[in-house]
Amino acid sequence: MVKSTLTEERALDCYLGGIDCSQVTFGEFAEQLGIDKMTARKIASAFGGGLFHARTCGCVTGALMALGLACGYCEEGNEAAKNAFLAKKAEFEKRFEEENGSCICKELLGYDVSTPDGLAHIMEENLFQKRCAPYAVSACEIAADLMNE
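My aim in this report is to walk through the structure given alongside it, one point at a time.

Parameters at a glance
- Residue positions are given per chain, counting from 1 as you read along its sequence in written order.
- Totals for whole chains, interfaces and linings use all residues, but because this is a predicted model, local features are given only for residues with pLDDT of at least 70 and pairs of side-chain atoms are given and counted only at 80 or more.
- Values reported for side chains reflect all heavy atoms of the structure, with hydrogen atoms and water molecules removed beforehand.
- Under the DSSP-based scheme used, a helix requires at least four consecutive residues in state H or I and a strand at least two consecutive residues in state E, with every element numbered from the N terminus.
- We take the radius of gyration over the C-alpha atoms and set the globule estimate at 2.2 Å times the residue count to the 0.38 power.
- The classification of residues rests on relative accessible area computed with a 1.4 Å probe and restricted to protein chains. Under 20% of the type maximum is buried, over 50% is exposed, and intermediate values are partly exposed.
- We call two residues contacting when some pair of their heavy atoms lies within 4.5 Å.
- For the accessible areas, the method is Shrake-Rupley and the probe is 1.4 Å, while residue cover comes only from the protein chains on display.
- Positive charges come from Lys and Arg alone, negative charges from Asp and Glu alone, with His and the N- and C-terminal ends not counted.
- A single reference atom marks each charge: NZ on Lys, CZ on Arg, CG on Asp, CD on Glu.
- Orientation is described by lines fitted to C-alpha atoms, with helices fitted over the stretch in contact, and by angles between N-to-C directions that extend from 0 to 180 degrees.
- Left-handed describes a crossing whose near helix is turned anticlockwise from the far helix through less than a right angle; right-handed describes the clockwise counterpart.

A closer look at the overall build of the protein
Secondary structure summary: the protein contains nine helices and zero strands in total. Ordered by position from N to C terminus, the α and β elements of the protein give α-α-α-α-α-α-α-α-α. Relative to the 2.2 N^0.38 estimate, which gives 15 Å for 149 residues, the radius of gyration of the protein is 15 Å and therefore close to what a compact globule would have. Relative to its full complement of 149 residues, the protein shows a buried share of 42%. Expressed as a percentage of contacts within the protein between residues at least 6 apart in sequence, the contacts between residues at least 24 apart total 64%. Carbon and sulfur atoms form 52% of the exposed surface of the protein, whose accessible area is close to 7,800 Å². A gap of 2 Å separates the mean positions of the 14 positive and 23 negative side-chain charges of the protein.

Brief notes about the packing of helix α2 (residues 21-29) against helix α9 (residues 127-147)
One can describe the packing of α2 onto α9 by two numbers: an axis separation of 10 Å at closest approach and a directional angle of 35 degrees. Considering the relative orientation of α2 and α9, their crossing is right-handed. Where α2 abuts α9, its residues V24, T25, E28 and F29 lie against A136, A139, C140, A143, A144 and M147.

By themselves, these figures tell us nothing about what the structure is for.
Structure follows, in structure tokens:
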């Protein structure tokens, strides 16, 4: 059974230490899924801040990486496995959006993290702390639920 023990406080500590949202969420599951946390963080390092362009939330992409590692498909021609995984992916996105309002970084934060003005507003309003830590917890809880189904 896969579980998440991520708390908002631990997510925030990671953010304050320079670890991005995708690294937090994928790293949360790494050891349970057979890879070390540092490797997971390296794999996820390009996906924070919505690919650093305020696109799909890094909490989402990191959790989807973990879901893929746990439940993904890899064999050519295995349509059943592919369809089963894509159904889990769609369910993850649906649940995350229902809980948080969107899967898009720019919409979740209200500003574009990839622009100097947007980042300044995010920092001024402490949105990484106020919003991103809860999004990371939410993403991990949903992913864990789906991995255990």
